[in-house]
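# Working through the structure, step by step
In case you want the letters, here they are:
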Amino acid sequence: MPLSRRELIKSLAALPAAGSVAGRASADVDISASASWRPRESRKPPNIVLAVLDDVGFSDLGCYGSEIDTQCIDGLAEAGVRFNNFHVTALCSPTRACLFTGQNAHRVGVGNIAEWGRPLPGYRGYIRDDVELLPSMLRRQGYSTVAIGKWHLSMVNDQDAMGPFDHWPTGRGFQHWYGFHGSAVDHFHPELFRNHRQVYPDKTDEFHLTENLIDEAIGYLQDHRVAKPDQPLFLYLGLGACHFPFHAPDSYLRKYRGRFDLGYDSLRPQRFDRQKQLGVVPKDAVLTPRPIDTTPWSALPKGEKAFSARTMEAFAAMLDHADDQLQRLVDALRASDELDNTIFMVMSDNGAGGGYHRAGVLDVRRVAYINEEPVAAKIRGLDLVGTEKSSPLYSTGWSFLGNTPLKRRKGDTYEGGTRAPLIVHWPASGLEVGGLRSQYHHVTDVLPTLLELIESPEKPAMLDGTSFAYALDSSGTPTQKKVQHYETAGDRAIWADGWKAVTLHRPGEDFDDDIWSLYHSDVDFSESKDLAEVHPERLAELIDLWQSEAQANQVLPLDDDLDGLYAKVAPRPRVNYTFYPGQTRYNRLSAPDIYRYNFRVTANLRSSGDGVIFASGDSAAGYELFILNGYLHFVYVHTREEVYRFRSESPIPDATRTVLVDGQVSGRGNGAVTLYAGGEKLGDLRLPKMWKVEALNAGVRCGENRGAPISFGYAGSFPMIEHLEDVSIDLDLTA
């Protein structure tokens, strides 16, 4: 049974709340007044590198207790400062909105991920036009500004060739951008952009997105070094690792074979012990129990254990590989004599996620958009996990490990969703080597911190963040943060004065009926003891404080109707679409909806020849029309194991100038197509199961397939540009 949007967000993003405390709703902060930070002397303002990992849990890095090999990041921590009380918003887009603005996510319009934007002020899915971002501020200080990788701060229907580009990186202060828009990017076959144009990297050698992003980052670093050697550089690096799908090169996948066979229940106490030895959790911290929605490892059948462990191997391989690529960037900075005078921050955008089936999934879309994935299909695909023929995600059991010792996971406002690793490395500043900081801080605090560290005269009119520059020089200075609220899909939390209130919202029920818990965060690192009944007055005060914070930050009105959000942001379907060979791919939500409407595809040929006429999707869910050795092919992939294929009985005549596909959709989820060449009927193909065009990678490509492989029926992009005039798709919107 397909997941509802609510179930999907709980699986990918999870729900509860984690926050910060006291005081008034949103204070304007004087960043120059933050205590004990000691200005540094330097030959020029420091470079800034912000490296943001994706869905990496609090304990997933070696320097935070993991068994995963992250030598580069661990090395940065050993020569810099780690924070163990740093918080984010629990979801990708809101965290980035906070990072770039220094303001709370809802206040600037990004209370949820961009794809789930809706017509409410706090949930638009993009940063308000009147809010200035960090790169613009830094440009006034003489910085070159470059964004590499994940953006995730523009609406899906703004991501076509003609924009609008107002909310793309180059519209928000970055001089250069190379990367991708959303989440869940295919690391072997990504949709990539440079500034305003889609680009298609060479994939003749073994290609992986993380390597490509670091190549680009190093290239921009070198360009800056040559062109502007006396000016500082701001480089934002948003890696796709380790958001699903977990994709890694074979050598890294092989490296982790068998490493997780003990299962999450046995490995979690081991991580916890290492965390205590490292000091990243207090000696008196409590290891929270496995949540009731997570299957005990011992209860998994043998085959499911093998598959589940394989998904965690793929996650570890992806993180290890990303760490090695970060080392290349560090080495490039060192080689150019820039590393010492670079403020290099590494963080994650939210806690570890996980979801869907108790053993994880081989293909996320199969579960999210189509139907359940049978255990037998997982086991048959065991050796595909982590390769281009998979889009895997692990179960909540492994996020339980990734967020050790915390409760819950990505999307939850408990600490498992919102407490993230943060490392600050800046040798020229004389930071304490191997320092550990426990002051409570939030991602909104990064912007004012950076402005203070570079001694910027910038004083933004509105800031919710509090600089933590003071903490870099002093482990003992009390937290200067006063209050922080959280909200994700109706789940809420508030932190103030070392106490935290948090609730998980029950979908469809009155928000006033939600049950709140209370934790004394200053002494209870992992939220192990609910004190709601012991201190009801304090809980009531915190709930009232959450309400005032929510009112001041555009969190209200709350809305838990997450089903059908795409319908709220996608353009209305058109009667006719015309595509031209070699054009920029047309994004998934704007693409013709052949799932809901009868359709007709008409391809006008200039001459006979082989190649792709049109394609959409990938090998997990996709469809394509192509000519190979003169034979006309139509392939519809419902799942990797349910592929419907048509091939003409004989080559189509050389004189053929029109190919037609007539599609009849009899109710959502099934249909049939009839194919014609030059007006002559070639045959029919039943499509007993179909998928929604909103699936990832569903954007239409015309005259070639430079995107992800679909049928694997040909090599490379298989262009037929010189043979194809255009392709039109007509929808019957009256049906």
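Please read all numbers here as calculations on a predicted model, not as lab measurements. Along each chain, residue indices are assigned from 1 in the same order as the chain's sequence is written. Residues qualify for local features only when their pLDDT is at least 70, as the model is predicted, and side-chain atom pairs are given and counted only at 80 or more; totals for whole chains, interfaces and linings, by contrast, use all residues. Heavy atoms throughout the structure, all of them, feed into the side-chain values; hydrogens and water do not.

## As for the overall build of the protein
Only runs of H or I of at least four residues qualify as helices and only runs of E of at least two qualify as strands under DSSP, and these elements are numbered from the N terminus. The helix and strand inventory of the protein stands at 16 helices and 26 strands. Taken against the 2.2 N^0.38 rule, which gives 27 Å for 735 residues, the C-alpha radius of gyration of the protein at 26 Å falls within 12% of a compact globule. Overall size of the protein, expressed as C-alpha extent along the three principal axes, is 80 × 60 × 50 Å. Categorising residues by exposure relies on relative accessible area from a 1.4 Å probe, with only protein chains included: less than 20% of the type maximum marks a residue as buried, more than 50% marks it as exposed, and the intermediate range marks it as partly exposed. Split into buried and exposed, the 735 residues of the protein put 65% on the buried side. When contacts within the protein are restricted to residue pairs at least 6 apart in sequence, those whose partners lie at least 24 apart make up 74%. It is over C-alpha atoms that the radius of gyration is taken, and the globule rule equals 2.2 Å times the number of residues to the power 0.38. Any two residues whose heavy atoms approach within 4.5 Å at even a single point are treated as in contact.

## Side note on the packing of aromatic side chains
Two rings belonging to Phe, Tyr or Trp (six-membered ring only in the last case) form a pair when the distance between their centres is within 6.5 Å. Interplanar angles under 30 degrees mark stacking, angles over 60 mark edge-to-face geometry, and anything in between is tilted. Within this structure, the stated rule accounts for 33 aromatic pairs. Centre to centre, the rings of Phe 174 and Phe 234 are 5.7 Å apart; their planes meet at 25°, and the pair counts as stacked. Here Phe 234 lies in strand β7 (residues 233–238) and Phe 174 lies in the loop between β3 (144–150) and β4 (176–180), a separation of 60 residues in the sequence. With relative accessibility at 1%, the residue Phe 174 sits in the buried group. On the basis of relative accessibility, which here comes to 0%, the residue Phe 234 falls in the buried class.

## A closer look at the nonpolar core
Formed by 131 residues in total, the largest nonpolar core has its most connected members in Leu 329, Phe 344, Ile 613 and Phe 634. Ranked by residues supplied to this core, first place goes to helix α8 (residues 302–335) with 15 residues. Excluding residues within four positions of it along the chain, Phe 634 makes contact with Phe 614, Tyr 623, Glu 624, Leu 625, Tyr 644, Arg 645, Phe 646, Val 673, Leu 675 and Leu 685. We call a set of buried Ala, Val, Leu, Ile, Met, Phe, Trp, Tyr and Cys residues a nonpolar core when their side-chain atoms join them within 4.5 Å. In terms of nonpolar packing, the next biggest core, distinct from the first, is built from 52 residues, Phe 83, Ala 105, Phe 165 and Leu 447 among them.

## With respect to the pairing of strand β15 (residues 516–519)
Of the two faces of β15, the one lined by Trp 516 and Leu 518 and the one lined by Ser 517 and Tyr 519 are each fully buried. Should DSSP find at least two bridges between two strands, the strands are regarded as paired. Relative to β15, strand β14 (residues 499–503) is paired through 4 bridges, and the arrangement is antiparallel. Bridged to Val 502 within β15 is Ser 517.

## So, the packing of helix α5 (residues 209–227) against α8
Here an angle of 0 to 180 degrees is reported between the N-to-C directions of two axes, which are lines fitted to C-alpha atoms, with helices fitted over the stretch in contact. At a closest axis distance of 9 Å, the pairing of α5 and α8 adopts a crossing angle of 10°. In terms of axis orientation, α5 runs roughly parallel to α8. In this structure, α5 uses Thr 210, Glu 211, Ile 214, Asp 215, Ala 217, Ile 218 and Leu 221 to contact α8, whose residues at the interface are His 321, Ala 322, Gln 325, Arg 328, Leu 329, Ala 332 and Leu 333. Three residue categories are used. Nonpolar comprises Ala, Val, Leu, Ile, Met, Phe, Trp, Tyr, Cys and Pro, charged comprises Asp, Glu, Lys and Arg, and polar comprises the others, including Gly. Looking at the contact of α5 with α8 residue by residue, the class counts come to 8 nonpolar, 3 polar and 3 charged. The scheme is simple: roughly parallel for angles under 35 degrees, roughly antiparallel for over 145, roughly perpendicular for 65 to 115, oblique for anything else.

## As for the confidence of the model for the protein
Think of pLDDT as the predictor's per-residue confidence, scored from 0 to 100. Per-residue pLDDT for the protein has a mean of 90; in total, 93% of the residues score no lower than 70. Predicted confidence is poor over residues 1–33, with pLDDT under 50, and the contacts of this stretch with residues over four places away or in other chains come to 149 contacts.

## Some thoughts on the environment of Cys 63
Among the structural elements, Cys 63 can be located in the loop between β1 (47–53) and α2 (71–78). Measuring from C-alpha to C-alpha, the distance between Cys 63 and Gly 279 comes to 9.8 Å, with 216 residues separating the pair along the chain. Once residues within four sequence positions are removed from consideration, Cys 63 is found in contact with Thr 70, Ile 73, Asp 74, Ala 77, Arg 82, Leu 278, Val 280 and Ile 423.

## Some details on the pattern of salt bridges
Any Lys or Arg side-chain nitrogen found within 4 Å of a carboxyl oxygen on Asp or Glu counts as a salt bridge. Considering all chains together, one arrives at 46 salt bridges under this definition. Among the ionic pairs, Glu 458 bridges to Arg 140, the shortest N-O distance being 2.7 Å. With Glu 458 in the loop between α13 (446–453) and α14 (469–473) and Arg 140 in the loop between α4 (134–139) and β3, the pair connects residues that are 318 residues apart, well separated along the chain. Looking at Arg 140, the relative accessible area reads 49%, which means it is partly exposed. The partner of Glu 641 in a salt bridge is Arg 366, and the shortest N-O contact between them spans 3.8 Å. Here the residue Glu 641 occupies a position in the loop between β20 (631–639) and β21 (642–647), and Arg 366 occupies one in helix α9 (residues 364–370), the gap between them amounting to 275 residues. The class for Arg 366 is buried, based on a relative accessible area of 9%. Connected via shared salt-bridge partners are Asp 54, Arg 96, Lys 150 and Asp 349.

## Brief notes about the sheet that holds strand β19 (residues 622–628)
Ordered in space as β21-β20-β19-β18-β25, the 5 strands form an open sheet in which the pairing is antiparallel. Pairing within the sheet leaves two strands with one partner each, and these edge strands are β21 and β25 (700–702). Each strand axis lies, on average, 10° off the axis of its neighbour in the sheet, ignoring direction. Here 3 bridges tie strand β18 (residues 611–617) to β25, and the two strands are oriented antiparallel to one another. When the sheet's bridge partners are listed, Ser 616 is paired in β25 with Val 700.

## Considerations on the environment of Leu 253
Relative to the assigned elements, Leu 253 resides in helix α6 (residues 250–255). A C-alpha to C-alpha distance of 49 Å links Leu 253 and His 535, two positions 282 residues apart in sequence. Apart from residues no more than four positions distant in its own chain, Leu 253 is found in contact with Ala 248, Ala 314, Ala 317, Val 385, Gly 386 and Thr 387.

## Concerning the sheet that holds β14
One key point about sheets: their strands pair by backbone hydrogen bonds, in either a parallel or an antiparallel sense. In space, the 4 strands of this open sheet follow the order β12-β13-β14-β15, with antiparallel pairing throughout. Strands with a single pairing partner mark the edges of an open sheet, and in this sheet they are β12 (483–488) and β15. Taken pair by pair, the neighbouring strands of this sheet meet at an average axis angle of 10°, ignoring direction. Here strand β13 (residues 491–496) runs beside β14; their pairing, made up of 5 bridges, is antiparallel. The residue of β14 that forms the bridge with Ala 493 is Val 502.

## Concerning a negative patch on the surface
Taken together, the side chains of Asp 202, Asp 205, Glu 206 and Asp 250 define an acidic patch exposed on the protein surface. Structurally, Asp 205 is set in the loop between β6 (197–199) and α5. On the basis of relative accessible area, Asp 205 is assigned to the exposed category, the value being 63%. For patch detection, residues must exceed 30% relative accessible area and be free of salt bridges, and they are connected within 9 Å for like charges or within 5 Å for nonpolar side chains (Val, Leu, Ile, Met, Phe, Trp, Tyr). The protein chains shown are the only cover counted for residues, whose accessible areas, like all others here, come from Shrake-Rupley with a 1.4 Å probe. In this tally, Lys and Arg are treated as positive and Asp and Glu as negative; His is ignored, and so are the chain termini. Think of each charge as sitting on NZ of Lys, CZ of Arg, CG of Asp or CD of Glu.

## What about the side chain of Gln 198?
Within the secondary structure, Gln 198 sits in strand β6. Residue classification places Gln 198 among the buried positions, given a relative accessible area of 10%. Polar contact is defined as a pair of N or O atoms within 3.5 Å, subject to the rule that within protein one atom must be able to donate a hydrogen and the other to accept it, and that residues adjacent in sequence are counted only when both atoms are side-chain atoms. A polar side-chain atom of Gln 198 sits 3.5 Å from a polar atom in the side chain of Tyr 200. Only 3.4 Å separates the side chain of Gln 198 from the backbone nitrogen of Arg 585, close enough to count as a polar contact. Dropping the residues within four chain positions of it, Gln 198 is found in contact with Glu 191, Leu 192, Phe 193, Thr 584 and Arg 585.

## Details of the pairing of β3
Counting buried positions along β3 yields 7 of 7 residues, so the element is predominantly enclosed. Pairing between β3 and β4: 5 bridges, direction parallel. Of the residues in β4, the one forming a bridge with Ala 147 is Trp 177.

## Side note on helix α7 (residues 264–278)
In this scheme, a helix's expected span is set at 1.5 Å multiplied by one less than its residue total. Its 15 residues give α7 an end-to-end C-alpha distance of 20 Å, which sits within 8% of 21 Å, the value for a rise of 1.5 Å per residue. Residues of α7 that are buried: Tyr 264, Leu 267, Arg 268, Arg 271, Phe 272, Gln 275 and Lys 276. Directly beyond the C-terminal end of α7, a positive phi value near 85° is found at Gly 279.

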